[in-house]
Amino acid sequence: VFLFIQLATGQNSIVDICRKMEISVSNDNLNRICDLYFKNLAKYGIIKNKHNRTEKKGISFNLTFTIINADIVNFFCKKLKFLYNQKICLPILICFIFLIATNLYIYFDQSFAFRCDRPLLVCILVLLSFFAHEFGHSSAICYYGKNAGKIGVGLLLLAPIMFSDVSECWGLSKWKRVIVDLGG
């Protein structure tokens with residue numbers, strides 16, 4: 001089954017898949033492969049086409065609220081996608097690694113107890129970093145020509161979360177999805 005999933009790239013026909021798997025091209029085999037793809041794998045969302053729709057099953061406990069709608073997110077992300085240009089991204093990444101390594105070296109021997117004289121400032125900075133993180137994911141998907149969705153907050157199994165809807169990234173290749181994941 002794994003080999004059949006690997007061959008389902010959208011580029012191969014069912015006949016091509018039979019030939020690559022060294023299976024005789026007969027109506028019986030073609031029907032079996034179609035059943036495998038469109039009856040068995042499609043109901044789990046592994047294979048999708050215009051005829052098969054996956055439905056959510058079971059009960060999930062999640063509650064979400066949109067903070068920034070998709071139009072506003074896309075407006076800003078189209079302006080931020082230049083950050084994923086290799087000539088810009090690598091120097092920024094090297095600077096962040098250098099700053100983190102320097103801070104670890106300087107403060108490594110001190111206790112890691114957190115003491116805060118300005119809690120309001122810390123809360124504002126943490127919230128800004130959350131938004132920067134989510135806009136990182138969204139601008140990465142815009143870099144690859146897809147549209148980002150909304151940014152919001154919610155509860156997922158009673159845990160507070162902040163999220164950006166980057167569900168369009170499933171149309172990208174595996175390594176581009178990795179970049180979207182690391183974009184935050």
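Procedures and definitions
- Residues numbered from 1 in each chain as written.
- Predicted model: local features only at pLDDT ≥ 70, side-chain atom pairs only at ≥ 80, totals over all residues.
- Heavy atoms only, no water.
- Helix = DSSP H or I, 4+ residues; strand = E, 2+ residues; numbered from the N terminus.
- Buried < 20%, exposed > 50% of the residue type's maximum accessible area, 1.4 Å probe, protein only.
- Contact = heavy atoms within 4.5 Å.
- Areas by Shrake-Rupley, 256 points an atom, 1.4 Å probe, with all protein chains shown as cover.
- Axes fitted to C-alpha atoms, helices over the stretch in contact; angles between N-to-C directions.
- Parallel < 35°, antiparallel > 145°, perpendicular 65-115°, else oblique.
- Nonpolar A, V, L, I, M, F, W, Y, C, P; charged D, E, K, R; others polar.
- Core = buried A, V, L, I, M, F, W, Y, C linked by side-chain atoms within 4.5 Å.
- pLDDT = per-residue confidence, 0-100.
- Pairing = 2+ DSSP bridges.
- Phe/Tyr/Trp six-rings, centres within 6.5 Å; stacked < 30°, edge-to-face > 60°.
- Lys, Arg positive; Asp, Glu negative; His and termini not counted.
- Salt bridge = Lys/Arg side-chain N within 4 Å of Asp/Glu carboxyl O.

Along the backbone of the chain there are 7 helices and 3 strands. N-terminal to C-terminal, the α/β element order of the chain is α-α-α-β-α-α-α-β-β-α. Considering the chain as a whole, with its 184 residues, one finds that 21% of them fall into the buried category. Sequence-distant contacts in the chain: of pairs separated by 6 or more residues, those separated by 24 or more amount to 59%. Total accessible area computed for the chain in this model is approximately 14200 Å², and 64% of it derives from carbon and sulfur atoms.

Let's shift gears to the packing of helix α6 (residues 119-143) against helix α7 (residues 174-182). At a minimum axis distance of 7 Å, the contact between α6 and α7 shows a crossing angle of 150°. The angle between the axes of α6 and α7 places the two elements in the roughly antiparallel class. Residues His137, Ala140 and Ile141 of α6 form the contact with α7, whose participating residues are Ile179, Val180 and Asp181. Taken together, the residues of the contact of α6 with α7 sort by class into 4 nonpolar, 1 polar and 1 charged.

A word on the nonpolar core. Membership of the largest hydrophobic core comes to 15 residues, with the highest contact counts inside it found for Val73, Phe135, Ile141, Ile151 and Val180. For this core, the elements supplying multiple residues, two or more each, are α4 (70-80) and α6. Not counting chain neighbours up to four residues away, the residues in contact with Val73 comprise Ile68, Phe135, Ser138, Ala148, Gly149, Lys150 and Ile151.

On to the confidence of the model for the chain, then. Residues at a pLDDT of 70 or more form 81% of the chain, whose mean pLDDT is 80. When mean pLDDT is taken per element in the chain, α4 scores highest with 91 and helix α1 (residues 2-7) scores lowest with 72. Within the model, the stretch residues 52-59 combines pLDDT values under 50 with 7 contacts to residues more than four positions away or in other chains.

Let us look at the pairing of strand β3 (residues 159-164). Relative to β3, strand β2 (residues 151-156) runs antiparallel, the two being bridged by 6 bridges. Bridge pairing in β3 links Gly152 to Phe163.

What follows covers the packing of aromatic side chains. Going through the model one piece at a time under the given rule, you end up with 4 aromatic pairs. Measuring from centroid to centroid gives 6.4 Å for Phe76 and Phe135, while their planes differ by 85°, and the two rings are edge-to-face. Pair noted here: Phe76 is in helix α4 and Phe135 is in helix α6, with a separation of 59 residues, a long-range link. An angle of 75° between the planes, with centres 5.2 Å apart, marks the rings of Tyr143 and Tyr144 as edge-to-face. With a relative accessible area of 36%, Tyr143 lands in the partly exposed category. Tyr144 gets classed as partly exposed once you look at its relative accessible area, which sits at 24%. An aromatic cluster of three or more residues is present, and its members are Phe75, Phe76 and Phe135.

Among the secondary structure elements, Met21 is positioned in the loop between α2 (14-20) and α3 (27-41). Separated by 14 residues in the primary sequence, Met21 and Leu7 have C-alpha atoms spaced 9.2 Å apart.

On to unusual backbone geometry. Peptide bonds are trans in most cases, and residues, glycine excluded, mostly fall at negative phi. Here the phi dihedral of Glu22 falls at roughly 60°; this positive angle occurs in a residue that is not glycine. Positionally, Glu22 belongs in the loop between α2 and α3. Overall, the relative accessible area of 75% leaves Glu22 in the exposed class.

Mapping Glu134 onto the fold places it in helix α6. Put simply, Glu134 is tucked away with no salt bridge, and the nearest opposite charge, on Lys150, sits 12 Å away. Apart from residues lying up to four places away in sequence, Glu134 is in contact with Ile151, Met162, Phe163 and Ser164.

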